[in-house]
Amino acid sequence: MAKLHLITYGCQMNEYDSERVAGLLKAHAYELTDSETEADLILVNTCAIREKAEEKVFSKLGQLRALKARRPELIVGVMGCMAQLHQGEIQRRAAGVDLVFGSPAIAKVGELVERVKREGRPLLVKITATPAGTSHLKSYVTVMEGCEKRCTFCVVPVTRGRQRSHSPESILAEVRGLAAEGCREVTLLGQTVEMYGRDLAPLTDLAALMERVEAIEGIERIRFTTSNPFNFTSRLIHAIRDIPKVCEYVHLPLQSGSNRVLERMNRGYTRQRYLELIAELREAVPEVALSTDLIVGFPGETEDDFEATLDMVERVGYDNVFVFRYSPRPGTPAATMPEQIPLEVKAQRNSRLLEVAARAAAERSRRLQDRVVDVLVDGPSRKNTRELQGRTRCNRVVNFEADGRAAVGDIVAIQITDVLPHSLRGALASLPEETVCLSR
Ligand code: SAH
Ligand code: F3S
């Protein structure tokens, strides 16, 4: 077997694509290695969402070039969003790259690698196709490609194109296959996953899809991400409430708390509408955990606008907040808007926002103290390998001593004993032995 090393940047779609690539290349006699220096083929799966992400890739490609200088037979490929957006620039700035292909070409990765080997010259590819994935205890399943929205800061519609939902049949077949291989949790993925199925004939939606995934034996948990608040319907809220396997966790990017900024971002909702949505969600699903994405330093963002964002973080009470400094992306309307915000201001707002978000999240976490929660066991704890680690339905990490009474893949009842800043500690709930392991 030849050795494949995968380097993955960016979102879960990229993680998913990397898994697919590993699966597909197995058929071409490539096995995975953790070691760059051992690899015969290195594929860098790239992200173009912010400039920082792109810089990381270019610096990595620089390092790989040095590696390749010592081992000319090494093949280096670049895939993912940068491959789609900057084919030419990659070739120019990163000599030594043998293969550049966008995500639509993943199905052909085996052939592409064979061609590079055979022809011994660099290859640039753009083709379309959609293949199937590989499996784990927890898997991501892409249910739709692209995005129909035109948020003025975002490069995704440029790199990933228009919305294309996959058919429910193909998704269900994929999930059944995953379940048969031991998968217990699926995350349904799309850039605006709440829009799933609206482009299909016959028309369908995410709630209907989740109902059908619910019926698949072996799957215990269903998650979905990312949702745009604009299209988040009551029907979807009811689906979260009523479909037992759907976890009480929603990632709902707000981006900004200021209506003026939201409008310039073209997000399609106001802070009032967002708060109404949260109220409806909490009313239906009181346990729901919320997380969000926020951008600081969008062009024209004033101190008042920024304070409106701080205010929203305190009002909503998120379990987790992801903060991004606005980064101008080629081909997007916001990149050429006047009043770009200086880097120092972005940095300062970034840390102020993180501070408020951390305080609000700590407050939210306290509700979990002493509670008994279901934990899906992922594997040994990172810090102490004698302990096990898993996640709650609300997606929090829990570490606990198992004493041989729980194994990877089990769902166990854990009583939370300590609420720490980034994780929870717990103990197997003192229930009768046979009810401790709720599954198997
Ligand atoms: N589909 C999702 C977003 C996908 S991109 C949605 O509807 O919100 C993931 C996150 O990256 C976004 O939520 C946004 O917060 C951030 N992001 C996207 N483009 C950005 C840019 N140009 N600068 C800074 N952050 C950006
Ligand atoms: Fe980007 Fe907005 Fe779509 S953030 S992915 S254009 S919903």
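Scoring rules and cut-offs
- Residues numbered from 1 in each chain as written.
- Chains lettered and ligands numbered in written order.
- Predicted model: local features only at pLDDT ≥ 70, side-chain atom pairs only at ≥ 80, totals over all residues.
- Heavy atoms only, no water.
- Pairing = 2+ DSSP bridges.
- Helix = DSSP H or I, 4+ residues; strand = E, 2+ residues; numbered from the N terminus.
- Axes fitted to C-alpha atoms, helices over the stretch in contact; angles between N-to-C directions.
- Contact = heavy atoms within 4.5 Å.
- Near = heavy atom within 4 Å.
- Nonpolar A, V, L, I, M, F, W, Y, C, P; charged D, E, K, R; others polar.
- Expected span 1.5 Å × (residues − 1).
- Buried < 20%, exposed > 50% of the residue type's maximum accessible area, 1.4 Å probe, protein only.
- Arc of directions from axis to C-beta.
- Parallel < 35°, antiparallel > 145°, perpendicular 65-115°, else oblique.
- Polar contact = N/O pair within 3.5 Å; in protein donor to acceptor, adjacent residues only side chain to side chain.
- Areas by Shrake-Rupley, 256 points an atom, 1.4 Å probe, with all protein chains shown as cover.
- Lys, Arg positive; Asp, Glu negative; His and termini not counted.
- Salt bridge = Lys/Arg side-chain N within 4 Å of Asp/Glu carboxyl O.
- Left-handed = near helix turned anticlockwise from the far one by under 90°.

### Some details on the sheet that holds strand β7 (residues 138–142)
The strand order β7-β10-β11 describes an open sheet built from three strands, whose pairing is parallel. Each edge of the open sheet is held by one strand with a lone partner, namely β7 and β11 (221–225). The mean angle between the axes of side-by-side strands here comes to 25°, regardless of whether they run parallel or antiparallel. Here five bridges tie β7 to strand β10 (residues 185–189), and the two strands are oriented parallel to one another. Note on β10: the bridge partner recorded for Ser139 is Val186. On top of the sheet, helix α8 (residues 206–214) reaches β10 and β11; it is set at about 155° to β11, its chief contact.

### Observations concerning the site of ligand 2
Neighbouring residues of ligand 2: Cys147, Lys149, Cys151, Phe153, Cys154, Val156, Pro157, Gln191, Thr192, Asn228 and Arg267. Of the residues assigned to the shell around ligand 2, the class counts are six nonpolar, three polar and two charged.

### Brief notes about the sheet that holds strand β16 (residues 387–392)
The pairing of strands in a sheet comes from backbone hydrogen bonds and takes either a parallel or an antiparallel form. Pairing within the closed barrel is mixed, and its five strands lie in the order β15-β16-β17-β19-β18. In this sheet, adjacent strand axes meet at a mean angle of 50° when their direction is disregarded. With five bridges joining them, strand β18 (residues 411–419) and strand β19 (residues 424–428) adopt antiparallel strand pairing. Of the residues in β19, the one forming a bridge with Gln415 is Ala427.

### Things to note about the pairing of β19
Of the pairings in the sheet, the one linking strand β17 (residues 397–401) to β19 comprises four bridges and is parallel in character. Residue pairing in the sheet places Phe400 in a bridge with Gly426 of β19. Between the antiparallel neighbours β18 and β19 lie four residues.

### A word on helix α11 (residues 271–284)
Between its first and last C-alpha, α11 extends 20 Å over 14 residues, near the 20 Å set by a 1.5 Å rise per residue. Within the sequence span of α11, burial applies to Arg271, Tyr274, Leu277, Ile278, Leu281 and Ala284. Viewed end-on, α11 has its buried residues packed into an arc of 155°, placing them on one side of the element. Contacts from the buried residues of α11 go to α9 (234–242), β12 (249–251), α10 (259–265), β13 (289–296) and α12 (303–316).

### Quick look at the packing of α11 against α12
For the pair α11 and α12, the least separation of the axes is 11 Å and the interaxial angle reads 10°. Judged by the angle between their axes, α11 and α12 are roughly parallel. Between α11 and α12, the residues in contact are Arg271, Tyr274, Leu275, Ile278 and Arg282 and Ala308, Asp311, Met312, Arg315 and Val316, respectively. Looking at side-chain class alone, the contact of α11 with α12 contains six nonpolar, no polar and four charged residues.

### Structural notes on unusual backbone geometry
Residue Ala201 is joined to Pro202 through a cis peptide bond whose omega torsion reads -5°. Among the structural elements, Pro202 can be located in the loop between β10 and α8. Cis geometry marks the peptide bond from Thr225 to Thr226, where omega comes out at 0°. Along the chain, the position of Thr226 falls in the loop between β11 and α9. Positive phi outside glycine occurs at Asp370, with the angle close to 70°. The residue Asn395 is not glycine, and still its phi comes out positive at about 75°. Inspection of the secondary structure puts Asn395 in the loop between β16 and β17.

### Some points on the environment of Ser59
Locating Ser59 in the fold gives a position in helix α2 (residues 51–70). Ser59 gets classed as partly exposed once you look at its relative accessible area, which sits at 45%. Put simply, Ser59 and Ala94 are 35 residues apart on the chain and 9.2 Å apart in space, counted from C-alpha to C-alpha.

### Focus on the site of ligand 1
In the vicinity of ligand 1 there are 16 residues, among which Arg50, Gln191, Gln255, Asp293 and Ser327 approach most closely. Within the backbone of Phe153, a nitrogen or oxygen atom sits 2.9 Å from a nitrogen atom of ligand 1. Taking Gln191, its main chain carries an N or O atom lying 2.6 Å from a nitrogen atom of ligand 1. Relative to its unbound accessible surface of 540 Å², ligand 1 loses 92% to contact with the protein. Sorting the residues of the shell around ligand 1 by element identifies β13 and β14 (320–325) as the ones contributing at least two each.

### Things to note about the side chain of Lys149
For Lys149, the location among the structural elements is in the loop between β8 (144–145) and α6 (156–160). No salt bridge is formed by the buried Lys149, whose closest oppositely charged neighbour, Glu194, lies at an N-O distance of 5.8 Å. Not counting chain neighbours up to four residues away, the residues in contact with Lys149 comprise Pro157, Thr192, Asn228, Phe230 and Asn231.

### Quick look at the pairing of β10
Where burial is concerned, most of β10 is hidden: five out of the five residues are buried. Alternating positions in β10 separate into two faces, Glu185, Thr187 and Leu189 on one and Val186 and Leu188 on the other, with burial throughout. The pairing of β10 with β11 spans five bridges and is classified as parallel. Considered in β11, the bridge of Leu189 is made with Thr225.

### Looking at the packing of α9 against α11
Two numbers describe a pair of packed helices, the interaxial angle and the distance between the axes. Two elements in contact, α9 and α11, have axes whose closest approach is 9 Å; the angle formed by their N-to-C orientations is 30°. One finds that α9 runs roughly parallel with respect to α11. Where α9 crosses over α11, the handedness of that crossing is right-handed. Residue-level contacts link Ser234, Ile237, Ile240 and Arg241 of α9 to Leu277, Glu280, Leu281 and Ala284 of α11. Class assignment for the residues of the contact of α9 with α11 results in five nonpolar, one polar and two charged.

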